[in-house]
Number of protein chains: 2
Amino acid sequence: MNPLLIHTLRQAVGPAHVLTPDDPDTDLVAWEQDWRRRARGRALAVVRPASTAEVAAVVKACAAANVSIVPQGGNTGLVVGSVPDDSGTQVVLSLTRMQAIRALDGDNLTITVEAGCVLQTVQEAADRAGFLFPLSLAAEGSCTLGGNLATNAGGTQVVRYGNARELCLGLEVVTAQGEVWHGLSGLRKDNTGYDLRDLFIGSEGTLGIITAATMKLYPRPAAQLTAWAAVPNLEAAVALLGLAHGHLGAGLTGFEVMGRFALGLVARHMPQLRVPFIDQADIPYGVLLENSDSESEAHARAQFERLLETAFEQGLVSDAVVAENLQQAHGLWHIRESIPLAQAEEGLNIKHDISLPVSRIPAFCADTDALLAREIPGVRLVNFGHLGDGNLHYNVQAPAEGDPKAFLAEHETRVNHLVFDQVLQFGGSISAEHGIGSLKAATLPHYKDPVALALMRTLKQALDPHNLLNPGRVLSAPPP
Amino acid sequence: MNPLLIHTLRQAVGPAHVLTPDDPDTDLVAWEQDWRRRARGRALAVVRPASTAEVAAVVKACAAANVSIVPQGGNTGLVVGSVPDDSGTQVVLSLTRMQAIRALDGDNLTITVEAGCVLQTVQEAADRAGFLFPLSLAAEGSCTLGGNLATNAGGTQVVRYGNARELCLGLEVVTAQGEVWHGLSGLRKDNTGYDLRDLFIGSEGTLGIITAATMKLYPRPAAQLTAWAAVPNLEAAVALLGLAHGHLGAGLTGFEVMGRFALGLVARHMPQLRVPFIDQADIPYGVLLENSDSESEAHARAQFERLLETAFEQGLVSDAVVAENLQQAHGLWHIRESIPLAQAEEGLNIKHDISLPVSRIPAFCADTDALLAREIPGVRLVNFGHLGDGNLHYNVQAPAEGDPKAFLAEHETRVNHLVFDQVLQFGGSISAEHGIGSLKAATLPHYKDPVALALMRTLKQALDPHNLLNPGRVLSAPPP
């Protein structure tokens, strides 16, 4: 139990904000269980500091006691990276009480936010001030900005605005030694030494604890239009993407592709949603495009129509609809966002979050579809994703017949190997936007450049020599 | 002289590509002297490998001999970061023979280039393939992409496309141990561990040697228009910037501000250039705006006119011209780019490359102008820069009367302190785009967050424990 540490932690953050498993009134499940309920660990304690100074005090206390720390935001991660292991010896450091918006600077187009602030709250604060904060993803109502940065979150607007990394200008970080790096710069240019910011971003809490960040804002577009295009194959989808870049420039803020089988699941399990062109059996892919315009809706529509006309003429698109109003646009996006749920309704499946050079996606899919069909008969592919960023959720659904649980038990590891080997061969990444966490930590060494992996271990050893911060996440225990 | 090392180097890269000072036919000045001729060092040898494997062999040979390496691209840096010191014991590793364009992937919007490729060559290759590579700066005819990345170069289009860092997707790097990290990814999303790429970018050759990079391409805009606006003060310039962001969105690809005194120097020393509104004594600032449009020139012009009309109505602009054609546009940009030369014609001056939050620039300038006028009578301020990125070249010209050399000898250190202290107070950076090199290495510790500086030293020690790569640059020798 470590009563001395608990005592020090209670002094640091106040007794009400140190939760321990021995308290019969407290259920720690919200902090101990991961979002997708794959793992439930046991915490020594859950500590909820309210300020950067308190975070630093917690880290120092844990370091002195040689107790490791699992930093946690909204706990919505998909790779089991923010819950304790089952040893009962780790402290969960929850950032959710640090949720202030410290500053919004319109002239500088920046917002400075504490790590525990919920993403949607940041979006709303920006909107109220007349600006756009473009990071947007399914968990935005629960996930925190600190977690978004720790995992370098992606989402639906990356094709225009980049990942969380690209939206960040400065950080405040508590190091593994409990020191505070005051790096909350709102500068677009700063060449005074090594890029510490990007080292902490995406390190999943293993190198330091992000306590606040200064993020970029953008002017709010005057209009946003959504279109749905039926495309004959993935080659055409890639060509349509190039055409859209050329026609819309930075107006292209979304480009999603969805395979027919994925859309069929939505149509089957959510019949109230009207999936465009689903009755036309010869349309293998749908593409969702979003055009954000700084001028007007009329201009956005004219641009969209010109693009789609050209695409028709070139045979890239066989049919298309442009949403008439915001409600229709939301409806189209809702279909896209319902694919994961429709998949779950259909039954168990094996999920992948891969990325590839956009140019190689058609060949990758043709090759890998064939390989899986050959190796694992009956397999069904739920292929969809952010084509604009080369990011596919290339998921594998158990065959329609038979026991899906038995299928997963028998085939999951093999399917992962087959898909990841293909990803490696086509120059891709086995984790595009979800990260490594503990789920993929043992897999990573098989697919990462060995020099890169050695450099990562060197950096971890240098910045956190006692392996106190989120140990075993990203980097598995080194070979003995 | 170290004959054994020279022998090994000759074996590694071929005898013709190891230049030594004892060869009477060879003048090493091009490699030993910095661009602005502030320092001339002496090299043990200049080595010119032609491949990544040869770079690795050179690094291994130098490491074995405990000889330090100064990586060098086009040697156009402004902070004395790429020339050897005067000890005669350092090897200059020139990347200029590695200049292949390895791949251009139009569908993926990427180009993969070796470090020694001249920036303009990259721009031209992109252009020939129908794309834009937007990194652009004064030295583009001589500087190399590897140097641009090692120094995280900025330039004139940062307001839209970011610095060199933001344009890079993947790197190939030779480490201080002579290992090769194969990280030439063309991926927009890859969350498989720590961000090594951004650690090497901007590290000025002190952590590893960049040998190749995969960079982003963009669709070529359909039209590019330039305007020149007369603005009554810096507050109006900042407000005009916000208005331009809102009206043009990502179309805003350039936003430069130029003070009246800076423009007056151009008018005086380059009378053939016609500086707009220079005869109107009551115009303190000129602003250069660039609008890149994915649609058409007519549309770009209409957008520009709407923006300028609104700016007139709001009193932000008192007069403006929009270039009628490409030639006029080049003429306007040429005036902006001639300021450094006009300054040199006027005589000696003290240069700064600072950045600030855009919102704080008016107060910074008012405060610092007054401070300098009070502390150093007669001082003349040449203020211009990339206002869109908060980057000012806030330069100080010696008084019109008196000996400028004596002025600099007496006042340079004090002027730097005054300006940098102000920068610190206003939340800025003492080096926006030029880097630290050896010129600012001793200054940096006074202005950098101490925790950041300690983290930088930890990283340097971890990645280059024997201090072989560009020692003394960025980080000065640690206190004994």
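Predicted model, so just to flag it, every value in this text is computed and none were measured. Throughout, residues of each chain are indexed from 1 in the direction in which the sequence is written. Working convention: letters from A go to chains and numbers from 1 go to ligands, in the order in which they are written. Under the rules for a predicted model, residues below a pLDDT of 70 receive no local features and side-chain atom pairs below 80 are neither given nor counted, while totals for whole chains, interfaces and linings still include all residues. Only heavy atoms go into the side-chain values, all of them from the structure, while hydrogens and water stay out.

Caption draft 1: Molecular detail of the overall build of chain A. A run of DSSP states H or I qualifies as a helix once it reaches four residues; a run of E qualifies as a strand once it reaches two. Both are numbered from the N-terminal end. Regarding its fold elements, chain A presents 16 helices and 19 strands. Computed over its C-alpha atoms, the radius of gyration of chain A comes to 23 Å, within 12% of the 23 Å expected for a compact globule of 480 residues. When the backbone C-alpha atoms are referred to their principal axes, chain A occupies close to 70 × 55 × 45 Å. Looking at chain A residue by residue over its 480 residues, the buried ones come to 61%. The contact rule is simple, with two residues in contact once any of their heavy atoms fall within 4.5 Å. Considering only contacts in chain A between residues 6 or more positions apart, those separated by 24 or more positions represent 72%. Both definitions apply: the radius of gyration is a C-alpha atom measure, and the globule rule equals 2.2 Å times residues to the power 0.38. Only protein chains enter the accessibility calculation, which uses a 1.4 Å probe; a residue is then buried when its area is under 20% of its type maximum, exposed when over 50%, and partly exposed in between.

Caption draft 2: Molecular detail of the sheet that holds strand β6 (residues 110-114) of chain B. Residue and element names in this part refer to chain B. Strands sit in the order β5-β6-β10-β8-β9 across an open sheet of five strands; the sheet is antiparallel. Each of the sheet's edge strands pairs with one partner strand only, and the pair in question is β5 (101-105) and β9 (180-183). On average, each strand axis in the sheet is inclined to that of its neighbour by 15 degrees, with strand direction left out of account. Strand direction decides the pairing type here: strand β8 (residues 168-175) and strand β10 (residues 208-216), joined by seven bridges, are antiparallel. Paired with V173 across the strands is I210, a residue of β10. Packing against the sheet, helix α3 (residues 52-65) makes contact with β5, β8, β9 and β10, and its axis sits at approximately 40 degrees to β8. Should DSSP find at least two bridges between two strands, the strands are regarded as paired. Lines fitted to C-alpha atoms define the axes here, with helix axes fitted over just the stretch in contact, and angles between the N-to-C directions of these axes take values from 0 to 180 degrees.

Caption draft 3: Quick peek at the packing of aromatic side chains. All names here are of chain B. Planes of paired rings set the category: under 30 degrees apart is stacked, over 60 is edge-to-face and the rest tilted, where pairs are Phe, Tyr or Trp rings (Trp by its six-membered ring) whose centres lie within 6.5 Å. This model, assessed by the stated rule, comprises 10 aromatic pairs over all chains. The interplanar angle of 65 degrees and the centroid separation of 4.7 Å between the aromatic rings of Y161 and Y218 together place this pair among those described as edge-to-face. Of the two residues, Y161 sits in helix α6 (residues 158-161) while Y218 sits in strand β11 (residues 218-219), which places them 57 residues apart along the sequence. Looking at Y161, the relative accessible area reads 8%, which means it is buried. Taking the relative accessible area as the measure of exposure, Y218 reaches 16% and is therefore buried. Ring centres 5.7 Å apart and planes at 90 degrees place the aromatic pair F364 and F426 in the edge-to-face group. With F364 in helix α14 (residues 361-375) and F426 in the loop between α15 (404-425) and α16 (444-447), this pair connects stretches of sequence that are 62 residues apart. Each of the two residues, F364 as well as F426, counts as buried.

Caption draft 4: Region of the structure containing the pairing of strand β14 (residues 285-293) of chain A. Residues and elements named next belong to chain A. β14 sits mainly inside the fold: nine of its nine residues count as buried. Taking every second residue as pointing to the same face, both faces of β14 are buried, with Y285, V287, L289, N291 and D293 on one and G286, L288, E290 and S292 on the other. With nine bridges joining them, strand β12 (residues 223-231) and β14 adopt antiparallel strand pairing. Residue pairing in the sheet places L225 in a bridge with N291 of β14. Pairing geometry for strand β13 (residues 252-259) and β14, over seven bridges, is antiparallel. Across the sheet, the residue bridging to V257 is V287, located in β14.

Caption draft 5: Examining the interface of chain A and chain B more closely. With 82 residues of chain A at the contact, the number on the chain B side is 82 residues. Note on terms: buried area is the combined drop in 1.4 Å-probe accessible area of two parts once they are placed together, counting the loss on both. When the area that chain A buries against chain B is broken down by residue, the three leading residues are K189, N191 and Y194 of chain A, summing to 17%. Whenever Lys or Arg places a side-chain nitrogen within 4 Å of a carboxyl oxygen from Asp or Glu, that contact is recorded as a salt bridge. Residue D389 of chain A pairs with K189 of chain B through a salt bridge whose shortest N-O separation is 3.2 Å. As used in this structure description, the phrase polar contact means that two N or O atoms lie within 3.5 Å; if the pair is within protein, one of them must be able to donate a hydrogen and the other to accept it, and residues adjacent in sequence are counted only when both atoms belong to side chains. Remark: the boundary between chain A and chain B carries 41 residue pairs in polar contact (both at pLDDT 80 or more). Those elements that place two or more of their residues in the side of chain A that touches chain B are α6 (158-161), β9 (180-183), α7 (196-200), α8 (234-248), α10 (297-313) and α16 (450-463) of chain A. Here the side of chain A that touches chain B takes nine residues from α16 of chain A, the largest share from any one element.

Caption draft 6: View of the sheet that holds strand β2 (residues 43-47) of chain B. Residues and elements named next belong to chain B. With mixed pairing, the four strands of this open sheet are ordered in space as β1-β2-β4-β3. In the strand order of this sheet, the two ends are held by β1 (18-19) and β3 (69-72), each with one partner. Sitting on the sheet, helix α1 (residues 3-13) touches β1, β2 and β4 (90-94), and the angle it makes with β2 is about 10 degrees. Relative to the sheet, α3 contacts β2, β3 and β4, its axis offset from that of β4 by approximately 175 degrees.

Caption draft 7: Inspection of the nonpolar core at higher detail. In this structure, F133, L149 and L171 of chain A together with F133, L149 and L171 of chain B are the most contacted members of the largest nonpolar core, which totals 94 residues. Those residues in contact with L171 of chain B that lie beyond four places of it in its chain are L149, W181, H182, G183, L184, R197, F200, I201, I210, A212 and A213 of chain B. Among buried residues, the Ala, Val, Leu, Ile, Met, Phe, Trp, Tyr and Cys ones that are joined through side-chain atoms within 4.5 Å form a nonpolar core.

Caption draft 8: How the structure looks around the UniProt feature "domain: FAD-binding PCMH-type" (unreviewed entry) in chain A. UniProt positions are given in the numbering used here, feature names are shortened, and annotations may be inferred rather than shown by experiment. Within this structure's numbering, the places UniProt gives as "domain: FAD-binding PCMH-type" (unreviewed entry) are residues 39-220 of chain A. Secondary structure within residues 39-220 of chain A divides into 21% helix and 27% strand; the distance between the first and last C-alpha atoms comes to 40 Å.

Caption draft 9: Fine view of the relation of the copies chain A and chain B. Copy-to-copy superposition: least squares on the C-alpha atoms, limited to residues that have pLDDT of at least 70 in both copies. When chain A is fitted to chain B, the best match, at an RMSD of 0.0 Å, comes from turning it 180 degrees and sliding it 0.0 Å along the axis. Expressed as an axis order, the relation between the two copies is that of a two-fold axis. Take the interface residues of chain A: 100% of them recur as interface residues in chain B, which is what a same-surface contact looks like.

Caption draft 10: Fine view of the pattern of salt bridges. All names here are of chain B. Here the structure, examined in full by the defined rule, presents 34 salt bridges over all chains. For E114, the salt bridge is made with R102, and the minimal N-O distance between the two is 3.0 Å. Placement of E114 in strand β6 and of R102 in strand β5 is noted, with a sequence separation of 12 residues between them. Look at R102 and you get partly exposed, because its relative accessible area is 34%. The partner of R380 in a salt bridge is E346, with the nearest N and O atoms 2.9 Å apart. Highlighted residues: R380 in strand β18 (residues 380-386) and E346 in helix α13 (residues 339-346), separated in sequence by 34 residues. E346 carries the same exposure label as R380, and that label is buried.

Caption draft 11: A look at the packing of α16 of chain A against helix α17 (residues 450-463) of chain B. For the pair α16 of chain A and α17 of chain B, interaxial distance at closest approach is 9 Å and the crossing angle is 135 degrees. When the axes of α16 of chain A and α17 of chain B are compared, the pair comes out oblique. For the pair α16 of chain A and α17 of chain B, the crossing hand works out as right-handed. Two secondary-structure elements touch here, α16 of chain A through L455, T458, L459, A462 and L463 of chain A and α17 of chain B through L455, T458, L459, A462 and L463 of chain B. Split into classes, the residues belonging to the contact of α16 of chain A with α17 of chain B amount to eight nonpolar, two polar and no charged. By definition in this entry, angles of less than 35 degrees are roughly parallel, angles greater than 145 are roughly antiparallel, angles of 65 to 115 are roughly perpendicular, and the rest are oblique. Less than a right angle of anticlockwise turn of the near helix away from the far helix marks a crossing as left-handed, whereas a clockwise turn marks it as right-handed. Each residue gets one of three labels, nonpolar for Ala, Val, Leu, Ile, Met, Phe, Trp, Tyr, Cys and Pro, charged for Asp, Glu, Lys and Arg, and polar for the others, Gly among them.

Caption draft 12: Here's a closer look at the domain arrangement of chain A. Residues and elements named next belong to chain A. In terms of domain boundaries, chain A breaks down into domain 1 (3-94), domain 2 (101-219) and domain 3 (223-340). Domain 1 and domain 2 are separated by 23 Å when their C-alpha centres are compared. Taken together, the contact between domain 1 and domain 2 spans 14 residues of the former and 17 residues of the latter. Between domain 1 and domain 2, a total of about 1,100 Å² is buried, with carbon and sulfur atoms accounting for 69% of that surface. When the buried surface of domain 1 facing domain 2 is broken down by residue, T52, V59 and P71 rank first, second and third, together holding 37% of it. The interface formed by domain 1 and domain 2 contains zero salt bridges. At the junction of domain 1 with domain 2, the criterion picks out three residue pairs in polar contact (both at pLDDT 80 or more). Counting residues per element, the ones that place at least two in the side of domain 1 that touches domain 2 are α3 (52-65) and β3 (69-72). Per-element accounting of the side of domain 1 that touches domain 2 gives the leading share, six residues, to α3. Residues belonging to the side of domain 1 that touches domain 2 are distributed by class as follows: nine nonpolar, four polar and one charged. Boundaries of every domain are those given by an automatic assignment or by a domain database.

Caption draft 13: The state of the cysteines, seen in detail. Residues and elements named next belong to chain A. Cysteine sulfur pairs qualify as disulfides if the two atoms are within 2.5 Å. Going through the model one piece at a time under the given rule, you end up with zero disulfides over all chains. In this structure C117 is a free cysteine whose sulfur lies 10 Å from that of C143, the closest cysteine sulfur available. Exposure remark for C143: the relative accessible area of 3% places this residue in the buried category.

Caption draft 14: Representation of the side chain of D198 of chain B in the model. Mapped onto the elements of the fold, D198 of chain B is located in helix α8 (residues 196-200). At 3.3 Å, the side chain of D198 of chain B forms a polar contact with the side chain of R197 of chain B. Not counting residues up to four positions away in its chain, the partners in contact with D198 of chain B are R165, D195 and D198 of chain A together with R165 of chain B.

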